[in-house]
Amino acid sequence: MCNCSCIYCNVDATMKPTPNELNTKEALHLVDDVYDFGSKWFGIKGGEPLLRKDIFEIIRHAKSLGLKVCLLTNGHYVNGEIYDNLVKNEVYTGVSVDGPEKINDALRGKGSYQKALSAIQKLSNAGILSGLTAAITSLNYRNLDHVVALAREYKAHFAWFNHLVPSGRAKQSIELAPSPEQYEWCLNKLYDLLAQAYDGKFEIHVHCPFFARIFKQRDPANFQDWYDHRFNGKCTYLAFGGYVSAIENGDLIPCFYTYLEPLKPQLLGNIREQTLKETWDQMQKSAFYTGFRDRSVLKGKCGICEYRDICGGCRNRAFAYTGDFYESDPACSYIPEGLRK
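Report on the accompanying structure. (Residues numbered from 1 in each chain as written. Predicted model: local features only at pLDDT ≥ 70, side-chain atom pairs only at ≥ 80, totals over all residues. Heavy atoms only, no water.)

### Some details on the pattern of salt bridges
Step number 1: Summed over all chains, the structure comprises eleven salt bridges.
Step number 2: The salt bridge partner of Glu21 is Arg52, with a shortest N-O separation of 3.9 Å. In this pair, Glu21 sits in the segment before α1 (24-37) while Arg52 sits in the loop between β1 (41-44) and α2 (55-64), placing the two residues 31 residues apart along the sequence.
Step number 3: Its relative accessible area of 27% is what places Glu21 among the partly exposed residues.
Step number 4: By sharing partners, the salt bridges in this structure join Glu21, Arg52 and Asp54 into a single network. (Salt bridge = Lys/Arg side-chain N within 4 Å of Asp/Glu carboxyl O. Helix = DSSP H or I, 4+ residues; strand = E, 2+ residues; numbered from the N terminus. Buried < 20%, exposed > 50% of the residue type's maximum accessible area, 1.4 Å probe, protein only.)

Structure below.
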């Protein structure tokens, strides 16, 4: 559920509960399973997770097991008893904000910027502001430095930028998808901000596979260390099992953009029926996932690109636009050497 109606929402969240949503007992079991799997963190996003009436029962259970808890919110409910509970339970809380007030409110709804800013200020004062997150769109791609400046002003640990995949509500607002040229400009600008900002205390993360190509072009000497230890934008299909998430009905997915129809073969199962350990083991044996280890299976320019082993494009975006997981990522403007020759 969510009280906002962000026009790029990849899950089309509304105030209507999802059918067959995990109940409290099942959510607590999910926490146990995350702990048994060996994770150090329990991460919660939405929709708007603070709308769940049992959210702090779930959080307290995670904390009792020794898990650290992080949560992503739009900021509307970070006040009163909810704020007190976030502080009391030391929940590392991130806030979504998509640029200056006028642009943010055009994307996320009137008044949402001031709500987010109020939450950022409170969480910062309490020492639990983890980071700020933004979606890269054609409306805000030139204004993302505002998010970085805001994050640094309020002593967040990071600013996180997500590329746009047309799933959920975003399928109805395709004009928000940046053009390849806009992505190229924006990602180079984010590289400039990263180069200026990274000091061991603050980081900029870009969740977009071809940001790896831009970093390597701009800073080949430091690329490998960054790619191995700080790059969170690898396509989870190509990274082979780098990410597993349980969505609100218990379905297990490999990427938070996997709200695409049909949900096979990428659907990994359901937490009601199998554990995360079992899911992980199945991924290691899956012909679908192991097949991506050979990047030559990719088609078009992604398949012949000299950067395919560090990038390979976004497989969900390729599927969303073409119906084929193996096609080229249409958001990338780069022309491989083979095609230029």
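From this point, things continue past the structure.
### Some thoughts on the packing of helix α4 (residues 101-108) against helix α5 (residues 112-126)
Step number 1: One way to put it is that α4 packs onto α5 with a least axis distance of 8 Å and a crossing angle of 110°. Our classification of the angle between α4 and α5 gives roughly perpendicular. Across from Glu101, Asn104, Asp105 and Arg108 in α4, the residues of α5 making contact are Ser112, Tyr113 and Gln114.
Step number 2: Classifying every residue of the contact of α4 with α5 by side-chain character gives one nonpolar, three polar and three charged. (Axes fitted to C-alpha atoms, helices over the stretch in contact; angles between N-to-C directions. Parallel < 35°, antiparallel > 145°, perpendicular 65-115°, else oblique. Contact = heavy atoms within 4.5 Å. Nonpolar A, V, L, I, M, F, W, Y, C, P; charged D, E, K, R; others polar.)

### Comments concerning unusual backbone geometry
Step number 1: With an omega dihedral of 5°, the bond running from Gly46 to Gly47 counts as a cis peptide bond.
Step number 2: Structurally, Gly47 can be placed in the loop between β1 and α2.
Step number 3: The backbone phi angle of Asn20 is positive, close to 65°, even though this residue is not glycine.
Step number 4: Turning to its location among the elements, Asn20 is positioned in the segment before α1.
Step number 5: Located in the positive-phi region is Glu90, a residue other than glycine, with phi close to 50°.
Step number 6: By the element assignment, Glu90 lies in the loop between α3 (80-88) and β3 (92-96).

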